[in-house]
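Residue-level structure breakdown
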Amino acid sequence: MRHALKNKNDFERVFKLSPGESEAFEQGREIFNIRCTPYYASLAGDFEEEPIRRILMPHRLEMRDGTQQMADPLGEKRNQAAPRLVHRYSDRALFLITDFCSVYCRHCTRKHFTGREQALIRPSEYEEALSYIASHPGVREVILSGGDPLTIADGALERILTDLRAIEHVEIIRVGTRMPVVAPMRVTDELVRILRRHGPVYLMTHFNHPRELTAEAAQALGRLVDGGIPVMNQMVLLNGVNNHAAIVQALSRRLLFLRVKPYYMFQCDPSVGTDHLRTSIDESLEIQKELWGHLSGLAMPTYAVDIPEGGGKTVLTPNFEIARDEHSRRYRGWDGVEASYVNPAPERRRLPADAGVYADEWNEITRSRKY
Ligand SMILES: *Cc1c(COP(=O)(O)O)cnc(C)c1O
Ligand code: SF4
């Protein structure tokens, strides 16, 4: 991180910039900060349209008017329950502990926050966010994000994990990080021990292209999984980067082989300066449909779109239904087989005899929706 490329001079030492890239350094920083690790830069190719280069390199097209340009496509500012705490779903809250990343991906959805480099959260805000979590027993899961939570030092991270673990109702901690992709050497044995000590911690990473899965990245993932940390991947479909079924397949199969579960395949959010990186929803559905039936369910990511303005996630699956009536539904499966599913008679429906035992807890969770 100390050797990060941060300005045009730094990038020119590694890349021969195209006119479109060169121009972007003048104004691009106003749209989104610029930074890249030397390791990640070494994965990029020597021409402008190379996929990894499109992720890390500012481009003139970021400054052009697009069809939809939102500063905060997920409406996160509106949904902040406490400073840097987004509580949008009843049982889990997103905690933005730092705004710093070691690479500023050009497609980032959180440009309203990420990259200001105010770094770690202020102590007073931190206490406020913690006491919100502590006073909301419905929050079973805390998702550490940012920015990249693994850009902070081990000691600071351990203190946050310790504080969260002191809250009895926090069952699951998630850490969303791009470090295994952009700086796999960050995943030290000591880091893995810290995560494990405060488990269950799920690590969510963000590989977008099979070429990001280098030997170093594979070793980092191996250290995590061997150390008892489940790892999941969230990819984003990006125009000119990975918008082809063969690339998604190669990425997903290799992740699965490395014991990483492909979790989400996101539609790129209409964040400012991303028009040249976005696919259409129809194109994304086509890619997903091609994979369906051919890719192991274990390797298949769930395709999701975040509804702009903070509408939350919506999951899209291929539609196999071709007809329905009161009692049955008719489907045509992925390879053309047609058949009907006939429902049992309604009078046979019974609730589980012990539903009441669980219902109180469920009501408590859903009642905690105070946002
Ligand atoms: C995506 C998201 C989550 C996590 O959603 P999952 O479907 O559980 O992965 C939680 N909070 C916010 C605000 C989110 O945007
Ligand atoms: S690592 Fe994540 S938060 Fe940071 S710039 Fe990339 S997409 Fe945005």
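Rules behind the numbers
- Residues numbered from 1 in each chain as written.
- Chains lettered and ligands numbered in written order.
- Predicted model: local features only at pLDDT ≥ 70, side-chain atom pairs only at ≥ 80, totals over all residues.
- Heavy atoms only, no water.
- Helix = DSSP H or I, 4+ residues; strand = E, 2+ residues; numbered from the N terminus.
- Contact = heavy atoms within 4.5 Å.
- Areas by Shrake-Rupley, 256 points an atom, 1.4 Å probe, with all protein chains shown as cover.
- Salt bridge = Lys/Arg side-chain N within 4 Å of Asp/Glu carboxyl O.
- Buried < 20%, exposed > 50% of the residue type's maximum accessible area, 1.4 Å probe, protein only.
- Near = heavy atom within 4 Å.
- Polar contact = N/O pair within 3.5 Å; in protein donor to acceptor, adjacent residues only side chain to side chain.
- Nonpolar A, V, L, I, M, F, W, Y, C, P; charged D, E, K, R; others polar.
- Domains from an automatic or database assignment.
- Axes fitted to C-alpha atoms, helices over the stretch in contact; angles between N-to-C directions.
- Left-handed = near helix turned anticlockwise from the far one by under 90°.
- Pairing = 2+ DSSP bridges.
- Right-handed = clockwise from strand over helix to strand, strands pointing away.
- Parallel < 35°, antiparallel > 145°, perpendicular 65-115°, else oblique.
- Expected span 1.5 Å × (residues − 1).
- Arc of directions from axis to C-beta.
- Phe/Tyr/Trp six-rings, centres within 6.5 Å; stacked < 30°, edge-to-face > 60°.
- Lys NZ or Arg CZ within 6 Å of the ring centre and 35° of its normal.

Before going further, it helps to spend a moment on the overall build of the chain. Within the chain one finds 12 helices and 13 strands. Projecting the C-alpha coordinates of the chain onto the three principal axes gives extents of approximately 75 × 50 × 40 Å. Taking the intrachain contacts of the chain between residues at least 6 apart in sequence as the baseline, contacts between residues at least 24 apart amount to 75%. Carbon together with sulfur atoms contributes 51% to the accessible area of the chain, which is approximately 18100 Å² in total.

If you walk through the whole model with that rule in mind, you get 24 salt bridges. Between Arg106 and Glu62 there is a salt bridge; the shortest N-O distance is 2.9 Å. Of this pair, Arg106 sits in the loop between β3 (92-98) and α5 (123-134) while Glu62 is found in the loop between α4 (51-56) and β1 (80-82), placing the two residues 44 residues apart along the sequence. Using a relative accessible area of 0% as the deciding quantity, one classes Arg106 as buried. Residue Glu62 is classed as buried on the basis of its relative accessible area, which comes to 1%. The residue Arg193 makes a salt bridge to Glu190 at a minimum N-O spacing of 3.1 Å. Here Arg193 pairs with Glu190, and both are found in helix α8 (residues 189-197), just three residues apart, close to one helical turn.

Near ligand 1, the surroundings consist of Val86, Arg88, Tyr89, Arg92, Leu94, Ile143, Arg174, Tyr263, Tyr264 and Lys313. Interatomic distance of 2.7 Å between a side-chain N/O atom of Arg92 and an oxygen atom of ligand 1. A distance of 2.6 Å separates an oxygen atom of ligand 1 from a polar atom in the side chain of Tyr264. A breakdown of the residues in the shell around ligand 1 according to their chemical character gives six nonpolar, no polar and four charged.

With that settled, the discussion passes to the domain arrangement of the chain. What the domain assignment lists for the chain is domain 1 (8-63), domain 2 (80-315) and domain 3 (321-371). Computed from C-alpha atoms alone, the centre-to-centre distance between domain 2 and domain 3 is 30 Å.

Right, let's talk about the packing of α8 against helix α9 (residues 215-226) for a bit. Relative orientation of the contacting elements α8 and α9 amounts to 35°, with a least axis distance of 9 Å. For the pair α8 and α9, the sense of crossing is right-handed. Counting all contacts with α8, which are made through Asp189, Val192, Leu195 and Arg196, the residues of α9 involved are Arg223, Leu224 and Asp226. Its residues assigned to classes, the contact of α8 with α9 shows three nonpolar, no polar and four charged.

With that out of the way, let us pick up the pairing of strand β6 (residues 201-205). Among the five residues in β6, four count as buried, and that is most of the element. With four bridges joining them, strand β5 (residues 172-176) and β6 adopt parallel strand pairing. The residue bridging Arg174 from the neighbouring strand is Tyr202, located in β6. For the crossover from β6 across α9 to strand β7 (residues 231-237), the handedness is right-handed.

A few words now on the pairing of β5. Where strand β4 (residues 141-146) meets β5, four bridges bridge the pair, whose relative direction is parallel. Bridge pairing in β5 links Ile143 to Arg174.

Let us now look at the packing of helix α10 (residues 245-257) against helix α11 (residues 281-291). The interhelical angle for the contact between α10 and α11, taken along N-to-C directions, is 55°, at an axis separation of 9 Å. When the axis of α10 is compared with that of α11, the two are oblique. Crossing geometry of α10 relative to α11 is assigned as right-handed. Judged by residue contacts, Ala245, Val248 and Gln249 of α10 engage Ile287, Glu290 and Leu291 from α11.

Its 12 residues place the ends of α5 16 Å apart at the C-alpha level, agreeing with the 16 Å of an ideal helix rising 1.5 Å per residue. Where α5 is concerned, the buried positions are Glu125, Tyr126, Ala129, Leu130, Tyr132 and Ile133. The buried side chains of α5 occupy one side of the element, clustering within an arc of 155° when seen end-on. Exposed residues lying more than 90 degrees from the buried face of α5 are Pro123 and Ser124. Residues of α5 that are buried sit in contact with β1, β2 (85-89), β3, β4 and α6 (154-165).

Assignment of secondary structure puts Arg122 in the loop between β3 and α5. Along the chain, Arg122 and Pro83 lie 39 residues apart, while their C-alpha atoms are 9.6 Å from each other.

Time to look at the environment of Arg54. As for its placement among the helices and strands, Arg54 is situated in helix α4. Placed 12 residues apart in sequence, Arg54 and Ser42 show a C-alpha to C-alpha distance of 13 Å. If near-sequence neighbours (up to four positions away) are discounted, Arg54 is found in contact with Glu48, Glu49, Arg106, Asn239, Gly240, Val241, His276 and Leu277.

Throughout the structure, instances matching the rule amount to seven aromatic pairs. Taken together, a centroid distance of 5.1 Å and an interplanar angle of 55° make the contact between Phe11 and Phe25 tilted. Remark: Phe25 occurs in helix α2 (residues 19-31) and Phe11 occurs in helix α1 (residues 8-14); sequence separation between them is 14 residues. This pair shows no difference in class: Phe11 is buried, exactly as Phe25 is. Geometrically, the ring pair formed by Tyr264 and Phe266 is tilted, given 4.7 Å between the ring centres and 40° between the ring planes. Residue class for Tyr264 comes out buried when judged on its relative accessible area of 14%. With a relative accessible area of 13%, Phe266 lands in the buried category. Ring pairs connect the aromatic residues Phe11, Phe15 and Phe25, which therefore count as one cluster. Directly above the aromatic system of Tyr89 lies the positively charged group of Arg92, at a separation of 4.4 Å from the ring centroid.

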